[in-house]
Structure formats: C-alpha cells, structure tokens
Amino acid sequence: MTAAAKVSHRRSTSMHSETTTAFSGRYSDGKTARSVPADVRLGERGIEIGFPGAPQALVWPYGALGTPTPLTAKSPDALITYEFMPGASLFVGDRKFAAALSKLAPQITSRAYGWRSARPWIIAAASIALVFAVLWAANLSPARWVAAMLPDRARAAVGEQVMKSMVGARKECVEPAGRAALDRLVARLSDASGAKARFNVRVIDWGLLNAFAVPGEQIVLTRQIITQSKTPEEVAGVLAHEMGHGLELHPETAIVRIIGLTAALELITGGGGTIANVGLGLTQLSYTRVAEREADARGLALLEKAQVSPSGLVDFFRRMGEIERKAGKSDFGLFRTHPQSEERANAAAARPRWPSTPAMSTEDWKALRSICATAKAEPGKVPD
Ligand SMILES: [Zn+2]
C-alpha cells in the first residue's frame, strides 16, 4: 500500500460525528493480539473507526469490506475485514449495526455469498453446455466424443465386463484347428483396418444367431453364425461389419450412454476403477440405422483392402432378410441388433466389385466349421 493510499483512508470525521449514531466496537490491527475499543460510525463512504484521543478516524470504504461469514438481516453482530489492511478486523456486537451495514455493503450479505459461491459452477455448467452445443453443431454425439477419450486400458476392461455379462456361463469354442483358421482370417481383416490393436474375436457355443462387438476391439460370434454361414466369405463379411462397429467406437459409445457421462469421465480420469454390474442386455448394444450404415461402409472398405469378396456379406444379409420376413421382427438376435438386412444387402451389392482371393482355404473353412466340436456348456446353465 502506498503512502498516498494510506492517507486517502483517513479523513476528518468532525462533520459526521455529530450526525451519525456511534456504535462501540473493538478494533484489531492484526499485528498485535490485543484489540482496542473503537467508536464506529457508518459514514457516507465507509465505516469510520474512531479511537479515543486520536484526531482522525480510520475509514474503510464499503466496497472493500469483507466478512468471514456472510451477514444476514438477523446477524446479532458483525466481524469486518478490509481488503487493503490484511489481518485487521473490526468487531461490533450490535444487531442494528449489522443490519444497517448489510444495506450499505451488499457484497457481504448471504445473498451475495450464495451467488459468489455458485458462480464457478454456473460458469462450468455454461462451458459444458457450450461444448455440447459445439458438438451438436458439428454433428458429433457427446457420448461418442467421450467414448473416443476412453484410454485403451479402460476400453479393454469395460469390454471384458460387457463380454462376461452377455456371454454368461456359455463356453468359448476353442478347437485348435478352427481357432487357428479364425485367427488367420481375423489377422487378414484386422491388418487391413489399420487399427493399432488386432481384433480379439471369440466364438461362443451359443444357439442364438448373433454377432456383436464389445469395447476394446473385441467381437463375439455365436456358434450359429458359423453354422448358418454357407461360405467363409459370409463369416468374413459379418466379421468385417462388426469390426466396422468397433472402429467407429459404437460399442464404447453405447456403454457411455448406458453408464452416463459422469461414470464415463471417471473411467477416463482413472478415478472410477471399473463399472460395476452393468447388466447389459443384447438390445442395449443395438445401434441406429446411421450406425449400421457406418459399420457397413467400414466393413466393405476392410473387405476391399483385404481383397475379400463382399458377395458373402450380401448373401448372408439377404438370407437373413428372408428369415427376418418369415420370423417377424420379434426375434431376439441378429435381427434385433442388425435390422433392415435386405435393404443393406442391396446397398452392399450395388458397390462395384474388386479383385479378391478366397477368404479361407478349404481346410481352414472345414476347421472353422467345427470350432465348437469340443465345447461343452455346463449342463442346465445355458438357456439356448
Ligand atoms: Zn451392425
């Protein structure tokens, strides 16, 4: 504080001392433990603190006053601090003084405190709203944006949990020759995807006709998908489509929607650990038409890059379309998670063809067909 500023805080109170009520208070300069009695007046510009025998009063302008706790209309007393004299304080044990001061220095009232403590939150909320508005304008979903920020470790952990909750007690099909054949096909498509991690594809001994992607580049094919496929190109087509979902982070986005943005942000920051008990149903991992088109587009691009014919995908979805028509839409499987089979088969068929080689050797295809030969589910546990 400069000498000039110090001077400006002092002025003669002779004009006011007769016209305003004097309250008795105690003043402490904050440097010594002792407080001294003071005559306190509410002047024109600020609190005037007069000391017995001193010619001039100290003036604390109203705008620079503070209180450790906010003043209310019912405050029995007031403990005042002053911005430019840190440590100094004035105590006036009079409710009339407190009430009068709260009108002259509104920034020290509880209403002002409420607003001041709420302000950071309001600003934060407004910032988040702005971010979401920008995302909305950019046609990006917040859930997808959050999904893209999930660290690989969190995606893998969540994927593992989702996998467990969906697969349940059903057994994985691990017949070695079939497994090796599948690995070769997965590697071919996975490498074409340019994904930093290779997809982890599991076949589950499950009578339901379905295939789905879970977070962390993981895919589940049911035994029925393998047995209902007429060619390895059909399996390759289904796989490429599911990889498309994975590359577009559709499973992660679905999970973020289910657990909510707050829990997802905890996953991102690592504070949340794992998501406990996400009781996922198959329908919860079903996607919108837009997402299906994105997965189809990605899948077809993968097939092209891996030089696998898309005819399998077209044939598979066409056949599914027929079953869909006959069975109705109530079937709880691939049709539920992958609707509009026929429409999408037609879209895929309309694409120009590219040079291709067989998706699998005859031996590999034969081995894959019997990948579930030795899988035995625990009796009574599997509701196929
Ligand atoms: Zn799909």
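Computed from a prediction, not measured in an experiment: that's the story for all the values here. (Residues numbered from 1 in each chain as written. Predicted model: local features only at pLDDT ≥ 70, side-chain atom pairs only at ≥ 80, totals over all residues. Heavy atoms only, no water.)

Draft legend 1. Broad picture of the state of the cysteines. Applying the stated criterion across every chain, the model contains one disulfide. Each sulfur in the disulfide pair Cys173 and Cys372 lies 1.9 Å from the other. Disulfide Cys173-Cys372: torsion about the S-S bond near 95°, hence right-handed. On the criterion of sequence distance, the pair formed by Cys173 in the loop between helix H5 (152–167) and helix H6 (176–193) and Cys372 in the segment after helix H15 (362–369) is long-range, its members being 199 residues apart. With a relative accessible area of 0%, Cys173 lands in the buried category. Judged by relative accessible area, Cys372 falls into the buried class, the value being 13%. (Disulfide = S-S within 2.5 Å. Helix = DSSP H or I, 4+ residues; strand = E, 2+ residues; numbered from the N terminus. Buried < 20%, exposed > 50% of the residue type's maximum accessible area, 1.4 Å probe, protein only.)

Draft legend 2. A look at the pairing of strand E4 (residues 46–50). Where burial is concerned, most of E4 is hidden: five out of the five residues are buried. Pairing of strand E3 (residues 36–42) with E4 involves four bridges; the strand directions are antiparallel. The residue of E4 that forms the bridge with Val40 is Ile49. Counted between consecutive antiparallel strands, the loop separating E3 from E4 contains three residues. Direction of pairing for E4 relative to strand E5 (residues 57–61): antiparallel, over a ladder of four bridges. Directly across from Glu48, in E5, lies its bridge partner Val59. (Pairing = 2+ DSSP bridges.)

Draft legend 3. Examining the pattern of salt bridges more closely. As enumerated under the stated definition, the model contains 13 salt bridges in all. Measuring nitrogen to oxygen at the nearest pair gives 2.7 Å for the salt bridge that ties Arg155 to Glu252. Of the two residues, Arg155 sits in helix H5 while Glu252 sits in helix H9 (residues 250–259), which places them 97 residues apart along the sequence. Take Arg155 and Glu252: they sit in the same class, and that class is buried. The salt bridge involving Glu248 is made with Arg298; its shortest N-O contact spans 3.0 Å. Residue Glu248 is located in the loop between helix H8 (232–247) and H9, and its partner Arg298 is located in helix H11 (residues 289–305); the two are separated by 50 residues in the primary sequence. On the accessibility criterion, Glu248 (17% relative accessible area) is buried. (Salt bridge = Lys/Arg side-chain N within 4 Å of Asp/Glu carboxyl O.)

Draft legend 4. Molecular detail of unusual backbone geometry. In this structure, Leu249 is a non-glycine residue whose phi angle is positive, near 60°. Relative to the helices and strands, Leu249 resides in the loop between H8 and H9. Judged by relative accessible area, Leu249 falls into the buried class, the value being 17%. Look at Gln307: it is not a glycine, yet its phi comes out positive at around 55°. With respect to the helices, strands and loops of the structure, Gln307 is situated in the loop between H11 and helix H12 (311–327).

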